[in-house]
Amino acid sequence: MNGYRLLEGVNPTSSLSLGEHIEVHGPLNLPGKRGNQAWADAMLHELEISGLTGRGGGRFPTATKVAYVASQRRKGRMVVNLMEGEPASQKDSVLAAFAPHLILDGAQVLAALIGADRIVICIADDNDRIAQLMERAIADRRGLDERPMEIERPHGRYVASEETALAHFFDEGASLPRFRPSRPSPVIAKGRVLLVDNAETCANVGLIARHGGQWWSSGDATHSPESTLVTISGAVDAPGVFEVALGTSLGDIVALARPRGGIAGILLGGYGGTWVSPSALDSPYSPSGMAAHGGNLGAGIVVVLGADVCPIAETARIARWMANESAGQCGPCLFGLPRMAGQIEALATGRHSANADRSLLDLTDILEGRGACAHPDGVIRMVRSALHVFADDVATHQHQKTCGRVGAKTYLTLPPQEELF
Amino acid sequence: MAKRILTLIVDPIKCDAYGHCAEIAPEIIALDPWGYPIIRGQVAGAAKAHAEMAVRQCPRQALSIKASNVDVDRPVGSTRR
Ligand code: SF4
Ligand code: SF4
């Protein structure tokens, strides 16, 4: 039994064509445009018992989100989030490249559930290859689906994939998050309430619509239980995207990418995620298994940090990049994140003041919860986890100024930025 | 147990750090190192009239008071450990 469910039947060199896709997964039967309440109730129930949660990072129950949007009086519109704003994530692009029709199937199911008029697939403006592949997949389905699908190309930056930033883009062409005074609150664009779901989430809905929620969570003789896509990078010889059964040990998952040597820590979730110590390698990769180490699966990112680099310097690189990705709308994010990055850089290079870790923690307390979107809170989470997991390195820097590994090559996937060290 | 509380909310996109609000309602508004407001605690007691005045006088109309029901038995989460 392999873990393949989303990537079942994929061909390593090309996209599954519509015919191949139907051969592997079977046809998808959906009610007509005018909808069918009995079908919708049953489908929502299957989503609920599956326990599927959002794969863009939030891991919020998909059924709850769908029911919330469906309960709004305003008409709905379905949005597939294929932005993949996390630099260390590749999984949505890989899924779209190999199994585009499963994503589109799920989008059609979700659109039918909320009575959407159309489906908008958001692909970053720097990801032409995936946009072309999806364009072709949509063209191949012409006449098959009830609801029209179109591609939009927001700017490829970190916060552009945030739900309200997508809505803002549809309305005004500006990929900037909007402030939401309370949650849940509907995300509205062009007069429609949006249901925004990540591409991997949609693909899973494509499976649940065929096989039901029970099958989805527990699998069968030839399929593993619930799977998830991970992107492994860092100190490994075979980085890439893997589909793994939830509950596989983190160590077995990292082994797929062939780690190179000693491991100092693992970054989980994303650049706004959490560092966990190598002791987490023995634990199951699942929400509860990783929560025991303070971690979160987030968007399925797994960055392996080699023991030959300085974890403080690596943390500083991420913090600086995230600070530069601030949309610059909110004071605490615009001014607070650069200061936080500066303090970590100072700690890495021994230019810090006394009690640098204390003042960093105080700064995280000042900034927490004060952005319009969750961007600063993600950076805060990442920095706090670094101070905790790399406490020994922090102490070394604190007392001996630096550790001698600061200048080592970085293991991080980051778009070009200024050399910090 | 659920309890109805009033919270002062800042729209961080609108707020331009004039710091006016912290002068009007110092009981629940402090300023961060850059002059942006940090809200501490709920809108209650003596702070209520001040909070309402701060809402009215914010030059950017960035403040509002929100009523919500909170589960007082459940602690609010933080990533601090
Ligand atoms: S918190 Fe930061 S990223 Fe989010 S909207 Fe405000 S300035 Fe932009
Ligand atoms: S008065 Fe308004 S604009 Fe000024 S700091 Fe307070 S909330 Fe911000």
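Rules behind the numbers
Each chain has its residues counted from 1, running along the sequence as written. Each chain takes a letter, starting from A, and each ligand takes a number, starting from 1, following the order in which they are written. Only residues with pLDDT of at least 70 are given local features in this predicted model, and only at 80 or more are side-chain atom pairs given and counted; all residues enter the totals for whole chains, interfaces and linings. As a rule here, side-chain values come from all non-hydrogen atoms in the structure, and water together with hydrogens is ignored. Looking at any residue, its pLDDT shows the predictor's confidence there, from 0 to 100. Two strands are said to pair when DSSP picks up at least two bridges between them. Helix numbering and strand numbering both begin at the N terminus, where a helix is a DSSP run of H or I of at least 4 residues and a strand a DSSP run of E of at least 2. Angles shown run from 0 to 180 degrees and are taken between the N-to-C directions of axes, each axis being a line fitted to C-alpha atoms and, for helices, limited to the stretch in contact. We call two residues in contact when some of their heavy atoms are within 4.5 Å. Working rule for helices: expected span equals 1.5 Å times residues minus one. Pairs of N or O atoms within 3.5 Å make up the polar contacts considered here, provided that, within protein, one atom can donate a hydrogen while the other can accept it, and that residues adjacent in sequence are counted only when both atoms are side-chain atoms. Exposure classes here rest on a 1.4 Å probe applied to the protein chains alone. A residue is buried below 20% of its type maximum, exposed above 50%, and partly exposed in between. By convention a nonpolar core is built from buried Ala, Val, Leu, Ile, Met, Phe, Trp, Tyr and Cys residues, the set being connected through side-chain atoms within 4.5 Å. Of the grid points, spaced at 1 Å and generated over the protein atoms alone, those admitting a 1.4 Å probe that cannot get out make up cavities, while open sets with protein on both sides within 12 Å along at least five of seven lines make up pockets; any residue with an atom within 4 Å of a point is treated as lining. Grid points are joined across faces, edges and corners, and a volume is the space filled by probe spheres set on the points. Domain borders in the structure are assigned automatically or taken from a domain database. The buried area of a pairing is the accessible area, by a 1.4 Å probe, that goes missing from both parts when the two are put together, added over both. When a carboxyl oxygen of Asp or Glu is within 4 Å of a side-chain nitrogen of Lys or Arg, the pair counts as a salt bridge. Being near a molecule or strand, for a residue, comes down to having at least one heavy atom within 4 Å of it. Under the convention adopted here, Pro, Cys and the residues Ala, Val, Leu, Ile, Met, Phe, Trp and Tyr are nonpolar, Asp, Glu, Lys and Arg are charged, and Gly plus all remaining residues are polar.

A.B. asks: Can you help me understand the confidence of the model for chain B in this one?
C.D. replies: Caution is warranted with low-pLDDT regions, since their predicted coordinates should not be read in detail. Here chain B shows a mean pLDDT of 88. Residues at 70 or above account for 86%. Interface confidence in the predicted complex, given as ipTM, is 0.89; pTM for the same model is 0.94.

A.B. asks: Just to check I follow, could you spell out the sheet that holds strand β8 (residues 263-268) of chain A for this structure?
C.D. replies: One key point about sheets: their strands pair by backbone hydrogen bonds, in either a parallel or an antiparallel sense. Residues and elements named next belong to chain A. Taking strand neighbours across the sheet as the criterion, the 5 strands line up as β7-β6-β10-β8-β9 in an open arrangement whose pairing is mixed. What marks the edges here is a single partner per strand, and that holds for β7 (240-245) and β9 (274-276). When strand polarity is set aside, the average angle formed by the axes of neighbouring strands in this sheet is 30°. Pairing of strand β6 (residues 227-234) with strand β10 (residues 301-306) involves 4 bridges; the strand directions are parallel. Along β10, the bridge assignment pairs T231 with I301. The strands that helix α15 (residues 375-389) touches are β8 and β9; relative to β9, the one it contacts most, it runs at about 20°.

A.B. asks: I tried to follow helix α2 (residues 37-50) of chain A on my own but got confused; where do I start?
C.D. replies: Counting along an α-helix, one turn takes 3.6 residues, and residues three or four places apart therefore face a common direction. Residues and elements named next belong to chain A. Compared with the 20 Å implied by 1.5 Å per residue over 14 residues, the 20 Å span of α2 between its first and last C-alpha is a close match. Elements in contact with the buried residues of α2: α3 (62-70), α5 (100-113), α8 (199-211) and α9 (213-218). At the N-terminal end of α2, a side-chain oxygen is found 3.0 Å from the backbone nitrogen of A38, two or three residues along, and the residue is N36. Positioned one or two residues after α2, G51 has a phi angle of 80°, which is positive.

A.B. asks: Whenever I open this one, helix α7 (residues 163-172) of chain A confuses me. Can you help?
C.D. replies: All names here are of chain A. Of all the 10 residues making up α7, 7 are buried; the element is thus mostly covered by neighbouring parts of the structure. Every buried residue of α7 is listed here: T164, A165, L166, A167, H168, F169 and F170. Packed against the buried residues of α7 are β1 (76-82), β2 (119-123), β3 (149-152), β4 (188-189) and β5 (192-198). Directly after α7, the chain includes G173, whose backbone phi takes a positive value near 75°.

A.B. asks: Mind showing me how you'd approach the sheet that holds β5 of chain A here?
C.D. replies: Residues and elements named next belong to chain A. Read across the open sheet, the 5 strands follow the order β3-β2-β1-β5-β4; overall the sheet is mixed. The sheet is open, and its two borders are formed by β3 and β4, each paired with just one other strand. Here 6 bridges tie β1 to β5, and the two strands are oriented parallel to one another. Directly across from V79, in β5, lies its bridge partner V196. Across the sheet, α8 lies against β1 and β5, angled at about 85° from β5, the strand it touches most.

A.B. asks: Could you clarify how one ought to interpret the nonpolar core in this entry?
C.D. replies: Across soluble globular proteins, nonpolar side chains show a tendency to be buried alongside one another. By size, the foremost hydrophobic cluster in this structure holds 84 residues, and its most contacted members are I232, L250, Y271, Y285, V302 and M340 of chain A. It is helix α12 (residues 311-324) of chain A that provides the largest number of residues to this core, a total of 8 residues.

A.B. asks: Teacher, can you tell me more about the layout of surface pockets here?
C.D. replies: To find leftover empty space, one rolls a probe the size of a water molecule over the atoms. For the second largest pocket, the calculated volume is near 410 Å³. Along the walls of the second largest pocket sit 21 residues, with E84, G85, E86, P87 and D126 of chain A positioned nearest its centre.

A.B. asks: Just checking my understanding: could you explain the pairing of β6 of chain A for this structure?
C.D. replies: Residue and element names in this part refer to chain A. Among the 8 residues of β6, 8 are classified as buried, and the element is accordingly described as predominantly covered. Side chains S227, L229, T231 and S233 project from β6 onto one buried face, and the interleaved T228, V230, I232 and G234 project onto a second face that is buried too. Judged from the 6 bridges that link them, β6 and β7 form a sheet pairing that is antiparallel. For I232, the partnering residue across the bridge sits in β7 and is G240. Adjacent in sequence and paired antiparallel, β6 and β7 are bridged by 5 residues.

A.B. asks: What is the right way to look at the domain arrangement of chain A in this model?
C.D. replies: Buried accessible area, meaning the area lost when the parts come together, often serves as the stated size of an interface. Residues and elements named next belong to chain A. Segmenting chain A into domains produces domain 1 (18-218), domain 2 (227-306) and domain 3 (311-400). If you average the C-alpha positions of domain 2 and of domain 3, the two centres end up 22 Å apart. With 11 residues of domain 2 at the interface, the matching set in domain 3 holds 14 residues. When the two sides are added together, the surface that domain 2 and domain 3 hide from each other amounts to roughly 970 Å², 75% of it contributed by carbon and sulfur.

A.B. asks: Honestly, the pairing of β1 of chain A in this entry has me stumped. Any pointers?
C.D. replies: Successive residues of a regular strand alternate their side chains across the two faces of the sheet. Residue and element names in this part refer to chain A. The buried fraction of β1 amounts to 7 of the 7 residues, a majority that puts the element mostly inside the structure. Covered by surrounding structure in β1 are G76, M78, V80 and L82 together with R77, V79 and N81, the residues of both alternating faces. Judged from the 5 bridges that link them, β1 and β2 form a sheet pairing that is parallel. In the strand pairing of β2, V79 is matched with V120.

A.B. asks: Would you mind showing me how to read the pattern of salt bridges here?
C.D. replies: Two side chains of opposite charge can pair, provided their charged atoms sit close to one another. The final tally for this structure, using the stated rule, is 28 salt bridges over all chains. With a closest N to O distance of 3.7 Å, E172 of chain A and R178 of chain A form a salt bridge. Residue classification places R178 of chain A among the partly exposed positions, given a relative accessible area of 25%. The partner of R370 of chain A in a salt bridge is D32 of chain B, and the shortest N-O contact between them spans 2.9 Å. Placement of R370 of chain A in the loop between α14 (356-367) and α15 and of D32 of chain B in the loop between β2 (29-31) and β3 (37-39) is noted, with the two residues assigned to different chains. The buried category is assigned to R370 of chain A, whose relative accessible area is 12%. Overall, D32 of chain B belongs to the buried group, its relative accessible area being 5%.

A.B. asks: It is not clear to me how the site of ligand 2 should be interpreted in this structure. Could you clarify?
C.D. replies: Around ligand 2 sit C15, D16, A17, Y18, G19, H20, C21, P37, C58, P59, R60 and L63 of chain B, and that is every residue in its neighbourhood. Of the residues that constitute the shell around ligand 2, the class distribution is 8 nonpolar, 2 polar and 2 charged.

A.B. asks: What am I meant to see in unusual backbone geometry here?
C.D. replies: Among all residues save glycine, negative phi is the norm, and among peptide bonds the norm is trans. In this structure, the amide linkage connecting R183 of chain A to the following residue, P184 of chain A, adopts the cis form with an omega of -5°. Positive phi is not limited to glycine here, since N355 of chain A has a value of about 55°. Considering the arrangement of structural elements, one finds N355 of chain A in the loop between α13 (331-349) and α14. For N355 of chain A, a relative accessible area of 52% gives the class exposed. At Q61 of chain B, a position not held by glycine, the phi torsion is positive, near 50°. Following the sequence through the fold, Q61 of chain B ends up in the loop between α2 (47-57) and β4 (63-71). Taking relative accessible area as the criterion, Q61 of chain B reaches 61% and is therefore assigned exposed.

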